[in-house]
Amino acid sequence: MNLFKKIVYIIEFIGFYLIKLVQANLFIAYDILTPRMITKPAFLNIPVEIKSDFGLLLFSNLLSMTPGSLCVDLSDDKKEMKVHILYHESVEDMQNEIAKIQDRIIRISN
Amino acid sequence: MWWIYTFILAGSLFILIASIGLIRFKDIYSRMHVTTKASSFGIMLILIGVSLYLNIGEVYLKAFFVIIFVYLTAPLAAHSIAKSNRDRS
Amino acid sequence: MNIVIYIAFGFLLVALAVTLFRLIKGPTSGDRIIALDLVGFITMGFVLVYSVLINKAIYFDIPVIISMVSFIGTIAVSTYLKEKT
């Protein structure tokens, strides 16, 4: 039963990854091809709750592929991650999005 | 047959978008956003189109491995460049 | 349908020219490393589209090698610049 649930979560995660991938590329293509650039780059520190190394790899990879965020650095005790974001419109929305991604990865990797 | 050409054309268009973004953005981290996302997406579309055109079993396998490799290493390269740039400045 | 292949070649050629402009101009050396990474991707695209034009599957081996060498080169240059200071 537990294994079955995990397989369902993994398939759901792959679909989520592909949707985020296409969305990120359409966002960035729209931003480049329109004449006025609406970007406001900034740095953001977010707390990390993932324990396993494989989960951290998945998390930084997915964070680099989602629209408007790029993983830059991870602190030594693996508790805080520095993220560069491209659309600095509303910090709370971005933090909610990242927390949602983190919950999905914790469901898979733990 | 037309979807194969659509894949190839869309992939080269995304690589062109990546290079235009490389010249339009202002600072180095924004340029890294473009060259991580758009160029690996474009090369994935070109690989899918070419392997559908050639239609051989081992070509599908090689295309799958190249896509996995590119998607594992493009964020790593961006991470390494960002870290070296941040340590020097 | 060869005209579509030639249009794709045109896109890749314009991309290569723009990337070489950034490679020459780039203010810091980080910009030059990013531009070199993108040159590797554009070369992979050229070889793949050319293999469609001449219809030979043996050309598919080249992008496998280019992706590995490009990744190792990027990591090596950025690590060298980090350790040099």
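Residues numbered from 1 in each chain as written. Chains lettered and ligands numbered in written order. Predicted model: local features only at pLDDT ≥ 70, side-chain atom pairs only at ≥ 80, totals over all residues. Heavy atoms only, no water.

1. Focus on the overall build of chain B
Per the secondary structure count, chain B includes 3 helices and 0 strands. Listing each helix as α and each strand as β along chain B from the N terminus yields α-α-α. Computed over the C-alpha atoms, the radius of gyration of chain B is 15 Å, more than 25% above the 12 Å expected from 2.2 N^0.38 for a compact globule of 89 residues. In terms of principal-axis extent, the alpha carbons of chain B reach across some 50 × 25 × 10 Å. (Helix = DSSP H or I, 4+ residues; strand = E, 2+ residues; numbered from the N terminus. Rg over C-alpha atoms; globule rule 2.2 N^0.38 Å.)

2. Comments concerning the sheet that holds strand 2 (residues 69-74) of chain A
With antiparallel pairing, the 3 strands of this open sheet are ordered in space as 1-3-2 (chain A). Both outer strands of the open sheet, strand 1 (42-47) and strand 2 of chain A, are each paired with one neighbouring strand and no more. Strand-to-strand, the axes of this sheet are offset by a mean angle of 30°, without reference to chain direction. For strand 1 of chain A and strand 3 (residues 80-85) of chain A, the ladder comprises 6 bridges, and the chain directions are antiparallel. Following the sheet pairing, Leu44(A) is matched in strand 3 of chain A by Val83(A). Each of strand 1, strand 2 and strand 3 of chain A touches helix 2 (residues 53-65) of chain A; the most contacted strand, strand 2 of chain A, lies at about 140° to it. In the packing of helix 2 (residues 28-54) of chain B onto the sheet, the strands contacted are strand 1, strand 2 and strand 3 of chain A, and the crossing angle to strand 2 of chain A comes to about 110°. (Pairing = 2+ DSSP bridges. Axes fitted to C-alpha atoms, helices over the stretch in contact; angles between N-to-C directions. Contact = heavy atoms within 4.5 Å.)

3. With respect to the interface of chain B and chain A
Between chain B and chain A, the residue contacts involve 26 residues of the former and 29 residues of the latter. Carbon and sulfur atoms make up 72% of the area that chain B and chain A hide from each other, which totals about 2,400 Å². For the chain B face of the interface with chain A, the top three residues by lost area are Arg24(B), His33(B) and Lys37(B), together amounting to 27%. Taken together, chain B and chain A are joined by 1 salt bridge. A salt bridge links Asp73(A) to Lys83(B); the nearest nitrogen and oxygen atoms lie 3.9 Å apart. Taken together, the elements giving at least two residues each to the side of chain B that touches chain A come down to helix 1 (2-24), helix 2 and helix 3 (57-88) of chain B. (Buried area = accessible area lost by both parts, 1.4 Å probe. Salt bridge = Lys/Arg side-chain N within 4 Å of Asp/Glu carboxyl O.)

4. Re unusual backbone geometry
Outside of glycine, negative phi angles account for most residues, and trans bonds account for most peptide bonds. With a phi close to 60°, Asn55(B) is a non-glycine residue in the positive phi region. Tracing the backbone shows Asn55(B) in the loop between helix 2 and helix 3. Relative accessible area serves as the criterion here: at 54%, Asn55(B) is assigned to the exposed category. The backbone of Asn55(C) sits at a positive phi, close to 60°, despite the residue not being glycine. Its location among the elements puts Asn55(C) in the loop between helix 2 (29-54) and helix 3 (61-84). (Buried < 20%, exposed > 50% of the residue type's maximum accessible area, 1.4 Å probe, protein only.)

5. Regarding the nonpolar core
The biggest cluster of nonpolar side chains holds 81 residues, and the ones touching the most others in it are Phe59(A) and Met32(B). The greatest single-element share of this core, amounting to 13 residues, is contributed by helix 2 of chain B. Residues in contact with Phe59(A), not counting those within four places in the same chain, are Ile46(A), Val48(A), Ile50(A), Met81(A), Ile98(A), Ile101(A), Gln102(A) and Ile105(A). (Core = buried A, V, L, I, M, F, W, Y, C linked by side-chain atoms within 4.5 Å.)

6. So, empty space enclosed by the protein
Counted under the stated rule, the structure contains 2 cavities of 30 Å³ or more. Of the volumes computed, that of the largest cavity is approximately 130 Å³. Every residue lining the largest cavity is counted, 13 residues in all, and those nearest its centre are Thr73(B), Asp37(C), Phe41(C), Ser67(C) and Ser70(C). Split by residue class, the lining of the largest cavity holds 7 nonpolar, 5 polar and 1 charged. Of the volumes computed, that of the second largest cavity is approximately 60 Å³. As for the second largest cavity, its lining consists of Met32(B), Thr35(B), Thr36(B), Ala74(B), Ala77(B), Ala78(B), Ile81(B), Ile34(C) and Asp37(C). (1 Å grid on protein atoms, 1.4 Å probe; cavity = no way out; pocket = protein on both sides within 12 Å on 5 of 7 lines; lining within 4 Å. Points joined across faces, edges and corners; volume = space filled by probe spheres on them. Nonpolar A, V, L, I, M, F, W, Y, C, P; charged D, E, K, R; others polar.)

7. Observations concerning the side chain of Ser78(C)
With respect to the element layout, Ser78(C) can be found in helix 3. Other than its neighbours up to four places away in sequence, Ser78(C) contacts Ser80(B), Ile81(B), Ser84(B) and Ile33(C).

8. Observations regarding the arrangement of the chains
Ranked by contact count, the leading pair among the 2 pairs of chains in contact consists of chains B and C. Between chain A and chain C there is no contact; the minimum C-alpha to C-alpha separation amounts to 14 Å.

9. Details of a nonpolar patch on the surface
Together, Phe54(A), Leu57(A), Leu61(B), Phe64(B), Phe65(B), Ile68(B) and Leu72(B) make up a nonpolar patch on the protein surface, roughly 700 Å² of accessible area in all. Contributing elements (two or more residues each) for the nonpolar patch: helix 2 of chain A together with helix 3 of chain B. In terms of residue count, helix 3 of chain B provides more of the nonpolar patch than any other element does, 5 residues in total. Looking at the secondary structure, you find Leu61(B) in helix 3. (Patch = residues over 30% accessible without salt bridge, like charges linked within 9 Å, V, L, I, M, F, W, Y side chains within 5 Å. Areas by Shrake-Rupley, 256 points an atom, 1.4 Å probe, with all protein chains shown as cover.)

10. Side note on the packing of aromatic side chains
Tallied over the entire structure, the rule returns 8 aromatic pairs over all chains. The aromatic ring of Phe16(A) is capped on one face by Arg104(A), whose charged end is 4.1 Å from the ring centroid. (Phe/Tyr/Trp six-rings, centres within 6.5 Å; stacked < 30°, edge-to-face > 60°. Lys NZ or Arg CZ within 6 Å of the ring centre and 35° of its normal.)

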